[in-house]
Amino acid sequence: MPMPRPRRRRTWIATWAVLCTGGVAATAALNTSSTPDRPPEEPVSAQCRAYIAEVDRQLAEAEAEQGGGRDRVQAYAGIRNSGEDGCDDELGRHLRDAR
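The rules behind these values
- Residues numbered from 1 in each chain as written.
- Predicted model: local features only at pLDDT ≥ 70, side-chain atom pairs only at ≥ 80, totals over all residues.
- Heavy atoms only, no water.
- Salt bridge = Lys/Arg side-chain N within 4 Å of Asp/Glu carboxyl O.
- Helix = DSSP H or I, 4+ residues; strand = E, 2+ residues; numbered from the N terminus.
- Buried < 20%, exposed > 50% of the residue type's maximum accessible area, 1.4 Å probe, protein only.
- Disulfide = S-S within 2.5 Å.
- Core = buried A, V, L, I, M, F, W, Y, C linked by side-chain atoms within 4.5 Å.

Colleague: It is not clear to me how the pattern of salt bridges should be interpreted in this structure. Could you clarify?
Modeller: Counted under the stated rule, the structure contains three salt bridges. A salt bridge links Glu-61 to Arg-57, with the nearest nitrogen and oxygen atoms 2.3 Å apart. Placement of the pair is Glu-61 and Arg-57 together in helix α2 (residues 46-65), with a separation of four residues, close to one helical turn. The partly exposed category is assigned to Arg-57, whose relative accessible area is 39%. Two residues, Glu-90 and Arg-93, come together in a salt bridge whose shortest N-O distance is 2.6 Å. Taken together, the residues Glu-90 and Arg-93, both in helix α3 (residues 87-98) and three residues apart, mark about one turn of the helix. The exposure class assigned to Glu-90 is partly exposed, which follows from its relative accessible area of 22%.

This is the structure:
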């Protein structure tokens, strides 16, 4: 079997640089393509804002009755027709942000 020709150092460096550049470009392309676009925020209806304000008021009253202690878990369970104005998601976001 014949001996392969020895490659020059410049050839190895050039090959390495091309492969690294290609890997960085491919990684950047995958990262930008896999980032989901945030959906535009929809305006909150007046009914929904009033409902969220009522929930906040009731939670504030419950906290005042407890003496302002933060070591207890507060829960809110209101009875209403679900999905009447699409307020459920907005209420969930508001309560998560209030933590």
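Having seen it, we continue.
Colleague: Even after reading the chapter, I still don't get the state of the cysteines, so can you show me in this structure?
Modeller: Considering all chains together, one arrives at one disulfide under this definition. Note that Cys-48 is cross-linked by a disulfide to Cys-87, the S-S spacing being 2.1 Å. One quick way to see it: the torsion about the S-S bond of Cys-48 and Cys-87 is about 80°, and its sign makes the bridge right-handed. You can see Cys-48 sitting in helix α2 and its partner Cys-87 sitting in helix α3, a full 39 residues away along the chain. Overall, the relative accessible area of 1% leaves Cys-87 in the buried class.

Colleague: What exactly am I supposed to notice about the nonpolar core here?
Modeller: For soluble globular proteins, nonpolar side chains are generally found buried alongside one another. Counting seven residues, the largest nonpolar core is built from Cys-48, Tyr-51, Ile-52, Val-55, Leu-59, Cys-87 and Leu-91. Elements supplying a minimum of two residues to this core: α2 and α3. With five residues, the top contributor of residues to this core is α2.

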